[in-house]
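Listed here are the chains, written in short residue letters.
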Amino acid sequence: MARQPRLVIPGLPQHVIQRGNNRQAIFAAERDYLLFLDLLQASAERFGVQVHAYVLMTNHVHLLVTPATHTGVAQMMQAIGRRYVRHFNDTQGRTGALWEGRYRATVVESARYLLACMRYIELNPVRANLARTPGDYRWSSYRCNAHGQPDPLVVVHDEYQALARDAEARMRAYRQLFCVDAHDARYEDIRLAASKAWALGSDRFIAEIERLCGRRATARPRGGDHKSDGFRRINGV
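Residues numbered from 1 in each chain as written. Predicted model: local features only at pLDDT ≥ 70, side-chain atom pairs only at ≥ 80, totals over all residues. Heavy atoms only, no water.

### Digging into the overall build of the chain
When helices and strands are counted, the chain shows 10 helices and four strands. When its helices and strands are written in sequence order, the chain yields β-α-β-β-α-β-α-α-α-α-α-α-α-α. In the chain, which comprises 237 residues, the share counted as buried stands at 50%. Relative to all contacts within the chain whose residues are 6 or more apart in sequence, the contacts with residues 24 or more apart total 73%. Element-wise, carbon and sulfur atoms account for 49% of the exposed surface of the chain, whose accessible area totals about 11,900 Å². (Helix = DSSP H or I, 4+ residues; strand = E, 2+ residues; numbered from the N terminus. Buried < 20%, exposed > 50% of the residue type's maximum accessible area, 1.4 Å probe, protein only. Contact = heavy atoms within 4.5 Å. Areas by Shrake-Rupley, 256 points an atom, 1.4 Å probe, with all protein chains shown as cover.)

### Here we look at unusual backbone geometry
Of all residues except glycine, most have a negative phi; of all peptide bonds, most are trans. The backbone of Arg 23 sits at a positive phi, close to 60°, despite the residue not being glycine. With phi around 60°, Ala 197 is a residue other than glycine that occupies positive phi space. Of note, Ala 197 is situated in the loop between helix 8 (187-196) and helix 9 (203-213).

### Overview of the nonpolar core
One finds Leu 63, Met 76 and Tyr 84 to be the most contacted residues of the largest nonpolar core, which totals 63 residues. Put simply, the parts of the chain that give this core at least two residues each are helix 1 (30-46), strand 2 (49-56), strand 3 (60-67), helix 2 (72-92), helix 3 (110-122), helix 5 (142-147), helix 7 (167-176) and helix 8. Not counting residues within four places of it along the chain, the set of residues in contact with Tyr 84 comprises Ile 26, Phe 27, Asp 32, Leu 35, Phe 36, Leu 39, Leu 98 and Trp 99. Within the second largest apolar cluster, eight residues are counted, among which are Leu 7, Ile 9, Val 107 and Phe 205. (Core = buried A, V, L, I, M, F, W, Y, C linked by side-chain atoms within 4.5 Å.)

### What to know about the environment of Gly 11
Looking at where Gly 11 falls in the secondary structure, it is placed in the segment before strand 1 (14-19). Exposure remark for Gly 11: the relative accessible area of 49% places this residue in the partly exposed category. It is 5.9 Å that separates the C-alpha atoms of Gly 11 and Thr 66, two residues lying 55 residues apart in sequence. When sequence neighbours within four positions are dropped, the list of residues in contact with Gly 11 reads Thr 66 and Pro 67.

Note that all results are geometric; they support no functional claim without further evidence.
Written as structure tokens, this is what we have:
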């Protein structure tokens, strides 16, 4: 069966996931993380992609990005892959594929899910028991978004900007988002949308994405009220 084209709308954020093949490690040393971040920054700037949040886990990467063009994210990920895979294979004395196929991505409704998606991404190390708090983990955007640590990679999104009028208040409001249960009820929606390449948002948002992209942007409903968010949640779609 042919793969469906990704849902890409320039100007709308995307949650991107790239995993290691067979869940193998894709970072083995500090230099690997540093090189990946350098390549991400250079490629994002080159192809017109804004990075709002990220986390580099041992065997996968999460990004929240907004492309200026239809091809920006794909070009960015391809450019990173060419350089990084060659580096990792050379330093680890290995050959063959590093990634688990092509990256996965979903388009995200900003007003409803962007901040939740940022929180989902930056809490990954906590959920994986790699850190006690998101601020304890070095390889993510949390210290920048929550504490103002300089990070040339991060570009502030309008939804983050709207948290408060000044930088200190914004960071304080952002930190408050993390003072609740690490397993937000929306997390399963975020996970499923990214893994299945569905749109992440309200019914109206999904319908508009389907109209613009000319394909389904969520799972095919099975009985009941096909248009309700509650139906999707109950049926795991």
